[in-house]
Amino acid sequence: QKEMEDLLEAGESEGLGGKANDSKKEPKYENAVQFALDKMIHPGMSFLNGIPLPESNDMRSFGMGVNDILQYEQRHIMELAMKGVITDTAPRSVYATILSGDHLFKQFHPLLRESNKEYLLLGSKSDESSLIFTSSDAVLNCDIDAIFVVEGVFDLDNADGVEAALSFLDVIISPPETWHDSKAVSAAFRIHHFATPTKPTSLVLSNLFCHASSFDVADIKAVTAALYKQADNEDVQGVIEVIEKITTLKKDVNDQIVQLVGKREKCPPANARKSPSTEQKNFYTANGRVYVPYGNPSISAVDIKMIINLEMHRANAMTKLLLPHLLPPSFVATGEVAHFDSRLIHNAVGKSLTILNEIMSTSNSKSKNVSSEISRNFSPYESTTSGNPLHFSWNDESSSGHLQIEVSVILDPLTEPTQRVAPLLIVIRDFLKLPLKVVIAPRVIVENDLPLSSYYRFVANPFAQPHMNQASALFQNLPTTHVLTLRMDVPEPWDTQQTYAIQDSDNLRCDVRNGCRDRPDFVSDKHRSDVVELANIEYGLKGLLFFGQCYDVSKNTPPNGLQLTLDRSELNSLSESSSYSEISIEADGSIA
């Protein structure tokens, strides 16, 4: 890209003597270079309907990559045809239709070639005091669709690392108008030192970035730029003199920064775990998504917008889920969140998203490390140290051995998912005996008067037998002002039907005196008029649905034209004449 920029500058300087804006002339070579520079492409690249084809010297891997792209594009066009977007008469240009929509990026970017995404939780002990905001993101409002925390990790003992930090600060000072074309994004930024600082200049910068929210971002850049020129200065007094000579700093700001010289702060370095992406000491993350620039470690707004585009779907969903729990009471009156509260919210959402992303992308071999990291993030809520009544912990002694599973849960008590998962947590705690941590996180604002309209009971009894100890669920204290419906919430392959019911399970009306039954004049015990009859409905499992897919193992694709036929008589004879408990279905449809 740097060579393209040099070539473009040379072309512009050569064209100074010609006529400007000559529309009849063919486009100049520098126009083509400008196009390639804007789209971030390089010689030798090839595309299919805007999708970059693989670059590989191995013909086998190249062929497999091209085949995958062709299959993807074929499915995409068929979907557009099924939706009516592509018909016999429209659109005029199928190619232009394909190159449109939310999933289209205006520029090619190295991240688009990634096959394995990687996420890292950096500086788990870093708090909101190290966050930096642009002027537009300083106040959080109700229109935000997604929250991002963009972090840069730099080797501040090295000139390249400080130069990369300066480019990162330039983006923060002069951000684009929007970080996303269709979503409202609020972004916060944080800078980490890759390792423990060893020089006076790097120590000052590390301390400065640790308390970045206390300073204006322009002042932070001024100090970074001044110390960049004095990177080899080993004299503490010399560093102080450099800071005092910065004319753009106010005296009180200057005094605060001078106090950071030689001071060992509690902000730890990034300490990123060893991985292929973090072999370099300068890289970036957005909600944990790692990006290592090629060649020059500096970053631009285009790079950050690309990472935000790729992570938008999950960030949008998590932001909408978490914000109702984090908004302060003042939000109801003003519709805006103050700067301090905004820092807390960005820090909470950013760390939650990073942990979630890391869990979903981590292999089984690293799951223990991620579990330990999550447990450390739960430590501030421990009831034994802080007396937090919203934190619960069970079976901690089980984690002392070689157990690989630890469960940590954050629940909003006034939500349907909490009702559904609560019985499973009881099973995890009482039957599986797994280490379990639960943090209750109620919403500050509840939008309606009755947030719960459904009531769940978990039906399971490990000692159940056909005629005794049958699994049952008992509902008590139900509302008396609503008509209720009873149904089973079971896995999709289960065919569950009613086997016995006197009452109409779709129209249950309950009252304190008569319970939930259809005949209020009837009592279950003729000798006792105070006995209330319960609505008694039984369900049975009528069948199970089994389904699956066949794959051609050589191509890892479904075989074309495969017909599966099951003959009940053959299955019966096979099960009667042999002791096999499983029947395998071959790729050609035969039963082995």
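Just so you know, these numbers come straight off a predicted model, no measurement behind them.

Novice: Can you lay out the overall build of the protein chain for me, pointing to particular residues and giving the numbers?
Specialist: Per the secondary structure count, the protein chain includes 17 helices and 16 strands. Put simply, the protein chain has 592 residues, and 34% of those count as buried. Across the protein chain, the fraction of contacts at a sequence separation of at least 24, relative to all contacts at a separation of at least 6, is 71%. Summed over all atoms, the accessible surface of the protein chain reaches about 37200 Å², with 53% contributed by carbon and sulfur.

Novice: Go over the packing of helix α6 (residues 200–210) against helix α8 (residues 236–244) with me, naming the residues and quoting the values.
Specialist: Working note: a packed helix pair is described by the angle between its axes plus the distance between those axes. Closest axis-to-axis distance for the α6/α8 pair is 9 Å, and the angle between their directions is 55°. Classified by the interaxial angle, the pair formed by α6 and α8 is oblique. Along the contact surface, α6 presents P200, T201 and V204, while α8 presents V236, V239 and I243. Its residues placed into classes, the contact of α6 with α8 shows five nonpolar, one polar and no charged.

Novice: Quick one: what's the story with the pairing of strand β7 (residues 283–286), residue by residue and with numbers?
Specialist: Neither face of β7 is exposed, since F283 and T285 on one face and Y284 and A286 on the opposite face are all buried. The pairing of strand β5 (residues 146–154) with β7 spans four bridges and is antiparallel. Bridge pairing in β7 places V150 opposite A286. The hairpin turn running from β7 into strand β8 (residues 289–291), its antiparallel successor, is two residues long, and N287 in that turn takes a positive phi close to 50°.

Novice: Residues and numbers for the side chain of N357, please.
Specialist: Along the polypeptide, N357 turns up in helix α13 (residues 339–361). Of the residues examined, N357 reaches a relative accessible area of 1% and is grouped as buried. With residues near it in sequence (within four places) discarded, N357 still touches Y119, N287, E311 and R314.

Novice: Which residues make up helix α16 (residues 416–430), and what values do they have?
Specialist: Here α16 spans 22 Å end to end across 15 residues, near enough to the 21 Å set by a 1.5 Å rise per residue. In α16, a bend of some 30° at A422 exceeds every other bend along the element, and P423, a proline, comes one to four places later. Buried within α16 are the following residues: T418, Q419, P423, L425 and I428. Buried residues belonging to α16 abut β11 (407–411) and β12 (436–440).

Novice: Please provide a residue-by-residue account of the nonpolar core, values included.
Specialist: Ranked by size, the top nonpolar core spans 60 residues in total, and within it F168, F189, I243, I257 and I304 carry the most contacts. In terms of residues, this core owes the most to one element, helix α5 (residues 159–173), which gives seven residues. Beyond its immediate sequence surroundings of up to four residues, I304 is in contact with V150, F168, V171, W179, F189 and I299. In terms of nonpolar packing, the next biggest core, distinct from the first, is built from eight residues, L411, L434, L436 and V438 among them.

Novice: Any chance you could break down the packing of aromatic side chains for me, citing the residues and the numbers?
Specialist: Taken as a whole, this structure holds seven aromatic pairs when the rule is applied. Between the aromatic rings of F154 and Y284, the centroid separation amounts to 5.5 Å while the plane-to-plane angle is 75°, which identifies the pairing as edge-to-face. Here F154 is found in strand β5, whereas its partner Y284 is found in strand β7, with 130 residues between them in sequence. Exposure class is identical for F154 and Y284. Each is buried. Look at F168 and F189: their rings are 5.8 Å apart centre to centre, the planes differ by 75°, and that puts the pair in the edge-to-face class. Remark: F189 occurs in strand β6 (residues 185–193) and F168 occurs in helix α5; sequence separation between them is 21 residues. The exposure class of F168 is buried, given its relative accessible area of 0%. Joined through ring pairs, the aromatic side chains of F154, F168, W179, F189 and Y284 make up one cluster. The ring of W394 carries the charged tip of R429 above its face, separated from the ring centre by 5.2 Å.

Novice: Before we move on, could you go through the sheet that holds strand β10 (residues 391–394) and cite the residues and values that matter?
Specialist: Across the sheet, three strands lie side by side as β10-β12-β11; this open sheet has mixed pairing. Lying at the two open borders of the sheet, with one neighbouring strand each, are β10 and β11. Across the sheet, the mean angle separating the axes of adjacent strands is 10° when strand polarity is ignored. For β10 and β12, the ladder comprises four bridges, and the chain directions are antiparallel. Of the residues in β12, the one forming a bridge with F392 is V438. Those strands touched by α16 are β10, β11 and β12, and its axis lies near 155° from that of β11.

Novice: Kindly report on the confidence of the model for the protein chain, identifying the contributing residues and their values.
Specialist: Segments scoring low in pLDDT should not have their predicted coordinates read at a detailed level. The predicted model of the protein chain averages 75 in pLDDT, with 70% of residues at 70 or higher. Mean pLDDT in the protein chain bottoms out at helix α15 (residues 383–386), which sits at 44, and peaks at β5, which reaches 92. Counting contacts from residues 573–583, a segment whose pLDDT is below 50, to residues more than four positions away or on other chains yields four contacts.

Novice: Any chance you could break down unusual backbone geometry for me, citing the residues and the numbers?
Specialist: Note that the residue after A90, namely P91, is joined by a cis bond; omega there is -5°. With respect to the element layout, P91 can be found in the loop between α3 (59–82) and α4 (94–98). Despite not being glycine, N49 has its phi angle at roughly 50°, a positive value. Note that N49 resides in the loop between β1 (47–48) and β2 (51–52).

Novice: Can you lay out the sheet that holds strand β3 (residues 132–133) for me, pointing to particular residues and giving the numbers?
Specialist: Read across the open sheet, the five strands follow the order β3-β6-β5-β7-β8; overall the sheet is mixed. Each edge of the sheet is formed by a strand with only one pairing partner; in this case those strands are β3 and β8. Where helix α11 (residues 312–326) meets the sheet, its contacts fall on β5 and β6, and the angle it forms with β5 comes to roughly 120°.

Novice: Before we move on, can you summarise the pairing of β5 with the specific residues and values?
Specialist: Counting buried positions along β5 yields nine of nine residues, so the element is predominantly enclosed. What you see with β5 is no split at all: A146, F148, V150, G152 and F154 on one side and I147, V149, E151 and V153 on the other are buried throughout. In the sheet, β5 pairs with β6 via nine bridges, with the strands oriented parallel. Looking across to β6, one finds that F154 is bridged to H193.

Definitions and cut-offs
Residues numbered from 1 in each chain as written. Predicted model: local features only at pLDDT ≥ 70, side-chain atom pairs only at ≥ 80, totals over all residues. Heavy atoms only, no water. Helix = DSSP H or I, 4+ residues; strand = E, 2+ residues; numbered from the N terminus. Buried < 20%, exposed > 50% of the residue type's maximum accessible area, 1.4 Å probe, protein only. Contact = heavy atoms within 4.5 Å. Areas by Shrake-Rupley, 256 points an atom, 1.4 Å probe, with all protein chains shown as cover. Axes fitted to C-alpha atoms, helices over the stretch in contact; angles between N-to-C directions. Parallel < 35°, antiparallel > 145°, perpendicular 65-115°, else oblique. Nonpolar A, V, L, I, M, F, W, Y, C, P; charged D, E, K, R; others polar. Pairing = 2+ DSSP bridges. Expected span 1.5 Å × (residues − 1). Bend = angle between axes of the 7 residues up to and from the residue. Core = buried A, V, L, I, M, F, W, Y, C linked by side-chain atoms within 4.5 Å. Phe/Tyr/Trp six-rings, centres within 6.5 Å; stacked < 30°, edge-to-face > 60°. Lys NZ or Arg CZ within 6 Å of the ring centre and 35° of its normal. pLDDT = per-residue confidence, 0-100.

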